[in-house]
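Commentary on secondary and tertiary structure
Chain by chain, the residues:
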There are 4 protein chains.
Amino acid sequence: MEDDELLERLRDGEVALHELEDVAPADTAAEARRRYVAEVEGVALDEVGAEHDAEEATNNVENAVGATRLPLGVAGPLDVDGEHASGDYRVPMATTEGALVASTNRGCSAITQSGGATARVFEDSMTRAPVFRVSGVGEAAEFVDWLDENLDVLRDAAEETTDHGELLRAKPYVTGDNVYVRFAYATGDAMGMNMATVATRAAAEVIEERTDAELVALSGNLCADKKPAAINAVEGRGRTVAADAFLPRELVREKLKTTPEAVAEVAQRKTLVGSARAGTLGANAHAANVLAAVYLATGQDPAQVVEGASAYTTASVRDGNLYVSTTLPAVELGTVGGGTRLPTQKEALELLGVAGGGDPAGANARELAEVVGAAVLAGELSLHAALASNHLEEAHTRLGRD
Amino acid sequence: MEDDELLERLRDGEVALHELEDVAPADTAAEARRRYVAEVEGVALDEVGAEHDAEEATNNVENAVGATRLPLGVAGPLDVDGEHASGDYRVPMATTEGALVASTNRGCSAITQSGGATARVFEDSMTRAPVFRVSGVGEAAEFVDWLDENLDVLRDAAEETTDHGELLRAKPYVTGDNVYVRFAYATGDAMGMNMATVATRAAAEVIEERTDAELVALSGNLCADKKPAAINAVEGRGRTVAADAFLPRELVREKLKTTPEAVAEVAQRKTLVGSARAGTLGANAHAANVLAAVYLATGQDPAQVVEGASAYTTASVRDGNLYVSTTLPAVELGTVGGGTRLPTQKEALELLGVAGGGDPAGANARELAEVVGAAVLAGELSLHAALASNHLEEAHTRLGRD
Amino acid sequence: MEDDELLERLRDGEVALHELEDVAPADTAAEARRRYVAEVEGVALDEVGAEHDAEEATNNVENAVGATRLPLGVAGPLDVDGEHASGDYRVPMATTEGALVASTNRGCSAITQSGGATARVFEDSMTRAPVFRVSGVGEAAEFVDWLDENLDVLRDAAEETTDHGELLRAKPYVTGDNVYVRFAYATGDAMGMNMATVATRAAAEVIEERTDAELVALSGNLCADKKPAAINAVEGRGRTVAADAFLPRELVREKLKTTPEAVAEVAQRKTLVGSARAGTLGANAHAANVLAAVYLATGQDPAQVVEGASAYTTASVRDGNLYVSTTLPAVELGTVGGGTRLPTQKEALELLGVAGGGDPAGANARELAEVVGAAVLAGELSLHAALASNHLEEAHTRLGRD
Amino acid sequence: MEDDELLERLRDGEVALHELEDVAPADTAAEARRRYVAEVEGVALDEVGAEHDAEEATNNVENAVGATRLPLGVAGPLDVDGEHASGDYRVPMATTEGALVASTNRGCSAITQSGGATARVFEDSMTRAPVFRVSGVGEAAEFVDWLDENLDVLRDAAEETTDHGELLRAKPYVTGDNVYVRFAYATGDAMGMNMATVATRAAAEVIEERTDAELVALSGNLCADKKPAAINAVEGRGRTVAADAFLPRELVREKLKTTPEAVAEVAQRKTLVGSARAGTLGANAHAANVLAAVYLATGQDPAQVVEGASAYTTASVRDGNLYVSTTLPAVELGTVGGGTRLPTQKEALELLGVAGGGDPAGANARELAEVVGAAVLAGELSLHAALASNHLEEAHTRLGRD
């Protein structure tokens, strides 16, 4: 069916807006929907329809009308010395915030000139925490004992649903007549939320069959997905990554126009004391900015920047030189699945050399996590230095937004 | 200069990668940069180069190589009864998460059928909080007194830098020899971070001239921008918005396949108790998802989803029917400036009828904020209902990601 | 009636355990109750009955059986240079934790030798935040407007209930169909919780009469009393106090057996970074210890140590010397009312020269708040120094507990 | 030496105030110190000197001058059905807050009449988390691997220092060049902080000998002791206890003068939503009050009320009746050591039947923990009910404080 005909049927109410893909190819459906919406609302939607990936995106969006284009820049090269990452990386960043790529690029340059960033992945597990209703704390205690004794049964059920996932832990948190069980999985190169959800559903079914606990919700908010939760900031979710770098005093002076002492003072007064005073989970300058830009460029879920933003940045003076570090408890990303399959996102992953499944499984996701950690470090270094040399506002003004 | 020539000069090291826009139009520069990076890294970057907005985006990105395309869907119509918003809205959502638009759409449909969502803006101010160094708490006390007596002087200096901004407050937070001053501004239709930064810089200069306090950093992290901070969750930042709806029992049953009691139980055990148990700022199911998708579609800053994610969702049973609400302390958005000028983003704002400056100033931003509040409510309602009817995982599996 | 006779009537069930004070003087009643409980439970209660203040304590406890004796030590002299406090103070500390008084005393000594601590009160208000039920966010918006326009009416109603209290603010926090109104009062020399509660009850009655909002609970937990809440840590409750001191390098070396650099490193790695990593409200070493001991000695409410514990301690090196500060957002105390009337507690206040009402009203409470701030500073300095010189555990072992 | 003679030597400066116990028995020393301080400060200290336990308290306080007397009441009988606790308990409460014992007593009575409270201990470990300095994240990763491989070595070193303590876990938290290792111990009937500190010191020495990590502070604030930290609220510290009760509708009506629905509404709007809105760790009405009173009566550390205050209280309606629960992640207490040895405190423990070491080791501490959980539940029930029946303020006014 052509999109003209579809449009007619939409006007006549013969087909609903969300059913178009049932009766036509994705491209045609999106075209008809866009034209219909534009007509009804009396607006033009030419730009969003100019170029998009309707066929490829059918698993990523519903009620498609086209695409939003985000400006894409590259920062780097960024020299990363990780367990999985090694060498120079060009970091793709999709953003609309003027000065962000330039600032990160400056950080990359300073780090690379000083010998590169070290990066490591410390924890690696994706969590899903259903909430079960029990009759009270007595039954809760029995249920906790049951869980402890039946982890193998749950593991079998959970792992039957997945090729790559492995159940690592299932930790209960009792609260009155609620028992939250935080299941943690190794998820290979996937970000792993869907895998964890499917596997946990299977485990929850076993629980419902074998105990008196009743499932209330497959997510009980101790996961905690896309919420600023202490449980993630403290215990981690996805990949926990730390990155650091040493910068010679001269480099700080010439490249960053400031001193190690001034950077350390900003890190102290703003990032540590200021964050504490504001009641912040994490302590950093703008980790979310770099995370959002790299996540968007590489097909990650931008809402997971929420957890990622609880990063901890430190800076100190060592023998007159500068030590900087950033620790990210919750870097949630993958190189397969989700948005990573889309054309522009896939190219960005290829630019980093981490597209698709790694060998062994998980290697690509961990490499990406280390690069992301180092890129956030570059952003943190650059902004701390900019504040230290007191020209944050000038940079913004010049590169412009309002 | 043609991009072939530029490419040659890049290869020869005659021009640096970030300087291309100095010697060629933005389109040509981006093309040359893309070709060079693709060549050096040995990858194809055809997709990211297929369609982009190099000229329009020069204030939004540096080291441009093209564009990332995000799938764009529409949810709605969503009936919103706000102080500024009124009538049916088609909500543009840019996302790669399968099922998100469909789920939000279902929520919109249920809300609209039940008579629409009520929405209100409660607070409206953008903040910037520089940190000053003083000699100690004695001088801090004097500085606090000085601030109290000289607010007018600071206001004059701050407001001289802006056409639309107004300084509302300048509240000091002393911590030893640090004084954080949280400046709050009315910012019209702009999100207002840059305006607030420029104005605060001017005020800080006055402070440095007239007192012994020394500026350490123009942002002292009590702003708090793009960090999960209690100060925002409690006191708000940008627009504080609340939205709610009443749904008849029958509608909950037929449309959402569950009951008001089941939804209220999920809201209780997962959203309130679960969030408390996880140490979360805010208490919601997935506010960040809807925020991220609408922010991206309409040119907002996706990193500000971090603050926005501290939303509070409640659900309760009233006379057998369902009451649901979502309160978002920190909705940071604008209809002018930043990414709102880009072609696809501008179309999305036009779809909502809020592109550009409002009349009076601020009316468009507030209308958008109310629509965003209602859209988050739709997403919250839909996910709570889906969990209540126990099919979260099935929906994800069917609509697919991993 | 004698206590023998009372005991008989208790055994016969003629009088209930909690009614004894209705039929006999407090001393007799307590004696009878103690004997009865001892008899029924088969234990001796001689020690708790040895010396107590039954008559004086009738407003402080019910079902009295005697007294718990807490060991009382004194730290100091502590030289405090405040706005209200001035000169040397002997700080009474009631505690069972070995080494605590000795450690605080060491801090006092170091501070006093170095010229004393500076201390200031920054905010001074007691809060009570009832929660009202409204029909939804639409009515909430109207209610917020009403509050703004009727603050004077509420002030009149509130202040009619109190001689010393003044209503300073009434700030609304909307959350769906809940409106929390945080009333803040100046409370003179009283800690002020009861005053605030009574006054807020009167204001709430006016609200119920004049609006559609219905009172659900006179405390809606945004007060927030005796809970670790960000709203207190950020905005303060009771008195917000900061204290600091400068210690010459030589003194740090000789008296504290360490260096300014080592103390600053502990403050950085443990107190700032460690607290951030643990998701702590506040950032200090053991402020709660000193607060609890001084609160107990002077008749304050030990449960309010909870809020007080969100203190911020910093240490840094200045020209080779040591700067230390502690900022306590929520010091909740008084010199009249509550436990301050009891014999031993009153003596402790007299030892500090702050017993009873001040002149002007509030002067005594503020003086006490400044002394408390300085005493916490002494404790913080001493523990940071002890950790820096690596002998925490030895001190505990020697002075002993397990 | 007599105290007259000591006093003379103090006046002459021949002996320092803190050295008196070196030259005289504790009683004499305290008497002399009290007289000297009274003389110098020009105040009477007769009451604090009236009755005290100088000899017994030498490990609990330094610079002793006497004792603070806290009014002691009893609540109960409280019927507790625990794993360790069983039967009726009279709960000793030391407090100066009028209405607290009466209110708790009312809750005990309602619970006991309804069949008692169920209580369970879920986690049981005391933590100490030193912070180590490493060269950077690369070395941190090696250190984490080393820890994983050498837990047995650390266990041997740690357990050599203690008769009852067992090392359960040693979990590392990396943050840049800081590694925090949270050691967790089973501590028998002791609260266990000192035991954990001594054992961790021994383990830390092994670490310093065998790795390049250097100890910065034996406590790195991830313990986290006496600070309101999410790590405790989420993961627990000391004993994690939950208690609950079911109350028939009629009992709620007659005894508590309210309805299950009204109590549940207060628990929802105040305790869950209000606490979330205030950014609180935990969600309860006044857990700290009951904890402080029982801790003080039984010789616990009142500063540890800080962690204990992060309790979670829920209330809901089941078949027209009331279900209430309280979950306390961090109940830190013991029945041996610390203040439990003092005369009045020991009597209070005997009143509960838990004085001294249990059989098996830990049984007494767990029994006490369950009783404390049930007592907090009683306090929570009573206050929620009082608010629901709207007479909080009246109760306070009548029983009086200001």
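Cut-offs and rules
Residues numbered from 1 in each chain as written. Chains lettered and ligands numbered in written order. Predicted model: local features only at pLDDT ≥ 70, side-chain atom pairs only at ≥ 80, totals over all residues. Heavy atoms only, no water. Contact = heavy atoms within 4.5 Å. Salt bridge = Lys/Arg side-chain N within 4 Å of Asp/Glu carboxyl O. Polar contact = N/O pair within 3.5 Å; in protein donor to acceptor, adjacent residues only side chain to side chain. Nonpolar A, V, L, I, M, F, W, Y, C, P; charged D, E, K, R; others polar. Pairing = 2+ DSSP bridges. Helix = DSSP H or I, 4+ residues; strand = E, 2+ residues; numbered from the N terminus. Phe/Tyr/Trp six-rings, centres within 6.5 Å; stacked < 30°, edge-to-face > 60°. Buried < 20%, exposed > 50% of the residue type's maximum accessible area, 1.4 Å probe, protein only. Lys NZ or Arg CZ within 6 Å of the ring centre and 35° of its normal. Axes fitted to C-alpha atoms, helices over the stretch in contact; angles between N-to-C directions. Parallel < 35°, antiparallel > 145°, perpendicular 65-115°, else oblique. Least-squares fit on C-alpha atoms with pLDDT ≥ 70 in both.

**Here we look at the interface of chain D and chain C**
Taken together, the contact between chain D and chain C spans 127 residues of the former and 127 residues of the latter. Here chain D is connected to chain C by 10 salt bridges. A salt bridge links Glu97 of chain D to Lys226 of chain C, with the nearest nitrogen and oxygen atoms 2.8 Å apart. The interface formed by chain D and chain C includes 68 residue pairs in polar contact (both at pLDDT 80 or more). Its residues assigned to classes, the side of chain D that touches chain C comprises 59 nonpolar, 39 polar and 29 charged. Across nine bridges, the pairing between strand S1 (residues 64–82) of chain C and strand S1 (residues 64–82) of chain D is antiparallel. Residue Ala64 of chain C lies in a different strand from S1 of chain D, and its bridge partner there is Gly73 of chain D.

**What to know about the packing of aromatic side chains**
Summed over all chains, the structure comprises nine aromatic pairs over all chains. For the ring pair Phe132 of chain D and Phe143 of chain D, a centre distance of 5.6 Å and an interplane angle of 75 degrees mean the geometry is edge-to-face. Here Phe132 of chain D, found in strand S4 (residues 131–133), pairs with Phe143 of chain D, found in helix H6 (residues 137–149); they are 11 residues apart in sequence, far enough to count as distant. As far as the burial class goes, Phe132 of chain D and Phe143 of chain D line up, both buried. Cluster of aromatic residues (ring-pair linked, three or more members): Phe132, Phe143 and Trp146 of chain B. Taking NZ or CZ as reference, Arg318 of chain B lies 4.2 Å from the ring centre of Tyr323 of chain B, over its face.

**Things to note about the packing of helix H11 (residues 260–277) of chain B against helix H11 (residues 260–278) of chain D**
Between H11 of chain B and H11 of chain D, the shortest axis-to-axis distance is 9 Å and the interhelical angle comes to 40 degrees. With respect to each other, H11 of chain B and H11 of chain D are oriented oblique. Every residue of H11 of chain D that contacts H11 of chain B at Gln268, Leu272 and Val273 of chain B is listed here: Gln268, Leu272 and Val273 of chain D. Among the residues forming the contact of H11 of chain B with H11 of chain D, the class breakdown is four nonpolar, two polar and no charged.

**Some thoughts on the relation of the copies chain B and chain A**
Mapping chain B onto chain A leaves a residual RMSD of 0.0 Å; the transformation is a rotation of 180 degrees accompanied by 0.0 Å of translation along its axis. Those values place the two copies in the arrangement expected of a two-fold rotation axis. Most of the interface of chain B is mirrored in chain A: 100% of its interface residues are interface residues there too.

**Observations regarding the pattern of salt bridges**
The full count for this structure, using the stated rule, is 104 salt bridges over all chains. Here Glu8 of chain C ties to Arg11 of chain C by a salt bridge, and the two come within 3.2 Å at their closest N and O atoms. Placement of both Glu8 of chain C and Arg11 of chain C in helix H1 (residues 3–11) is noted, with a separation of three residues, approximately one turn of the helix. Between Arg269 of chain C and Glu265 of chain C there is a salt bridge whose closest N-O contact spans 2.7 Å. Of this pair, Arg269 of chain C and Glu265 of chain C both sit in helix H11 (residues 260–277), separated by four residues, roughly a single helical turn. The class for Arg269 of chain C is buried, based on a relative accessible area of 10%. The class of Glu265 of chain C is partly exposed, set by a relative accessible area of 23%. If you follow the salt bridges from partner to partner, you end up with Glu97 of chain A together with Asp225, Lys226, Arg237, Asp301, Glu307 and Glu332 of chain B in one network.

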